[in-house]
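So you can see what is in the structure, the chains are spelled out below.
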Amino acid sequence: MATKTQYFQNVNQIKYEGPKSTNPFAFKYYNPEEVVAGKTMEELLRFSVAYWHTFTMDGTDPFGIGTMLRPWDKFSGMDLAKARVEAAFELFEKLNVPFFCFHDVDIAPEGNTLSETYKNLDEIVAMIKEYMATSKTKLLWNTANMFSHPRFVHGAATSVNADVFAYAAAKVKKGLEIGKELGAENYVFWGGREGYETLLNTDMKLELDNLGRFFHLAVDYAKEIGFNGQFLIEPKPKEPTKHQYDFDVATGMAFLQNYGLKDYFKFNIEANHATLAGHTFEHELRTARINGMLGSVDANQGDPLLGWDTDEFPTDLYSTTLAMYEILQNGGLGKGGLNFDAKVRRGSFEPEDLFHAHIAGMDSFAVGLKVAQKLIEDRVIEDFVEERYSSFTHGIGKDIVEGKTNLQQLEEYALQLGEIKNRSGRTERLKSIINQYLLTVVSE
Ligand code: XUL
Ligand code: CO
């Protein structure tokens, strides 16, 4: 049997070696088999590699051309697409990740016609399926790229041009077929150009109605072909459009409710999109969680000094802790996972940087998981919050919560009140406790 081409010859299987290890190619905190909260880390964290950032992104930025050294770049066209599949499964296996994600255009080049594009996709999907048959790595989700090609200049489902709507629909139809073929756990919609530049040339109502129609068509087709993946909307407030319709979880929820779609969708929450919307990562996770709509996560982080979607690998332990707190309180992610929608910096251009980046991200979420679990086990936040809201468990508070009062009764109650006493929210105390837990878990 011919030996497989090795694209990452310098890197062997990445194993857990513990916090004292100085081996750059080892996990220090992510131990896939370790049981936390009754499940293994692998089952709870469900890590996923993003095909686009790891195998197709070349480091281009608005001021310069690509910098990435990728051994598969000696090929072009379909040969390049095939080499990327080989490289991808080598990396998945060496990192021991259970999932990956892709856009249609990441895995196969677009042809001159839609039929040619389909042909290319079919060939690569068959190859991926063959690799998946002997690999543990499954497809977390796939999606259609409906924002890069010039035809999507005015959007896809919200385009001014009905031909573009039809073309986008065809891409999603194909995407659902691919998702079914490869057993995808979810199907994602990120509305890259589903928004507007200026209201001066925009029929906002028609665009939103069309977006609602588009999602219904997808839901109907999924039912028709028996695709059982969870539909996910990935909110983002802006970039590339000035105003994106899926601004944040709350806006997305209102949209889904308006168009009768709420039962068919959950959210894929990306940390850097949350911060672009002026929220914290944990705010978006909480908003989705308390509404039963937390589906999956694009695990990355932004940079407050830059302010755009920098898609950095997540290394901020405070943020991974608060994120894992939400995820654990959600009872895990179900069909979702932690997808590293993250790219190595332009200066980190060597192939091995892809491993350093994923190891950093996986270790950071493993720490977050352990700290969050300990906080929950000790009921640090729960007890504090329960006590803080205790006025709603008896007397007038209980009546309010149970809907047993009205404005007149509340007025009578208020009139006989003396001086109202409030208690401290203890923000700083709570933050210092979180630091204590973080430092204890990390040094254990
Ligand atoms: C863009 C982004 C996308 C989606 C999938 O900001 O996050 O990569 O995750 O289209
Ligand atoms: Co994303």
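This text goes with the structure placed above it.
None of these values were measured; they are calculated from a predicted model.

Draft legend 1. Region of interest: the site of ligand 1. Surrounding ligand 1, one finds Trp52, His103, Trp141, Trp190, Glu234, Lys236, Glu270, His273, Asp298, Asp309 and Asp341. Contacts to ligand 1 include His103, whose side-chain N or O atom sits 2.6 Å from an oxygen atom. For ligand 1, an oxygen atom lies 2.9 Å from a polar atom in the side chain of His273. In the complex, the protein chains occlude 94% of the 290 Å² of accessible area that ligand 1 would expose alone. For the shell around ligand 1, the per-class residue count stands at three nonpolar, two polar and six charged.

Draft legend 2. Seen up close, the side chain of Asn210. With respect to the helices and strands, the residue Asn210 is situated in helix H7 (residues 204-225). In this structure the side chain of Asn210 is engaged in a polar contact, spanning 2.6 Å, whose partner is the side chain of Arg213. If sequence neighbours within four positions are ignored, Asn210 has contacts with Ala157 and Phe165.

Draft legend 3. Main features of the coordination of the cobalt ion (ligand 2). Within the protein, the atoms that donate to the cobalt ion (ligand 2) are Glu234 (OE), Glu270 (OE), Asp298 (OD) and Asp341 (OD), at distances of 1.9 to 2.1 Å. Every donor counted, the six donor atoms about the cobalt ion (ligand 2) form angles of 80 to 172° at the centre, which fits octahedral coordination. Ordering the donors of the cobalt ion (ligand 2) by residue number gives the pattern E-x35-E-x27-D-x42-D. Pair noted here: Glu234 is in the loop between strand S10 (230-233) and strand S11 (243-244) and Asp341 is in the loop between strand S14 (338-340) and helix H12 (351-377), with a separation of 107 residues, a long-range link. Across the pair, Asp341 and Glu234 agree in class, each one buried.

Draft legend 4. Seen up close, unusual backbone geometry. Here the amide bond leading from Glu239 into Pro240 is cis, since omega sits at 10°, within 30 degrees of zero. Locating Pro240 in the fold gives a position in the loop between S10 and S11. Even without being a glycine, Ala37 presents a positive backbone phi close to 50°. For Ala37, the location among the structural elements is in the loop between strand S3 (35-36) and strand S4 (39-40). The backbone phi angle of Asn96 is positive, close to 60°, even though this residue is not glycine. Relative to the assigned elements, Asn96 resides in the loop between helix H3 (77-95) and strand S6 (99-103). You can call Asn96 buried: its relative accessible area is 19%.

Draft legend 5. Region of the structure containing the nonpolar core. By size, the foremost hydrophobic cluster in this structure holds 117 residues, and its most contacted members are Leu45, Leu95, Ile128, Leu338 and Phe365. The biggest single contributor to this core is H3, with 11 residues. Once residues within four sequence positions are removed from consideration, Phe365 is found in contact with Leu45, Phe47, Phe281, Ala299, Pro314, Thr320, Ala323, Met324, Leu338 and Phe340.

Draft legend 6. Fine view of the pairing of strand S5 (residues 47-50). The side-chain alternation of S5 yields two buried faces, one formed by Phe47 and Val49 and the other by Ser48 and Ala50. Direction of pairing for S5 relative to S14: parallel, over a ladder of three bridges. The residue bridging Ser48 from the neighbouring strand is Asn339, located in S14. Across three bridges, the pairing between S5 and S6 is parallel. For Ala50, the partnering residue across the bridge sits in S6 and is Cys101.

About the criteria used
Residues numbered from 1 in each chain as written. Chains lettered and ligands numbered in written order. Predicted model: local features only at pLDDT ≥ 70, side-chain atom pairs only at ≥ 80, totals over all residues. Heavy atoms only, no water. Near = heavy atom within 4 Å. Polar contact = N/O pair within 3.5 Å; in protein donor to acceptor, adjacent residues only side chain to side chain. Areas by Shrake-Rupley, 256 points an atom, 1.4 Å probe, with all protein chains shown as cover. Nonpolar A, V, L, I, M, F, W, Y, C, P; charged D, E, K, R; others polar. Helix = DSSP H or I, 4+ residues; strand = E, 2+ residues; numbered from the N terminus. Contact = heavy atoms within 4.5 Å. Donors = N, O, S within 2.8 Å, 3.2 Å for Na, K, Ca; no water. Tetrahedral: all angles 85-135°; square planar, octahedral: opposite > 155°, others 65-115°. Buried < 20%, exposed > 50% of the residue type's maximum accessible area, 1.4 Å probe, protein only. Core = buried A, V, L, I, M, F, W, Y, C linked by side-chain atoms within 4.5 Å. Pairing = 2+ DSSP bridges.

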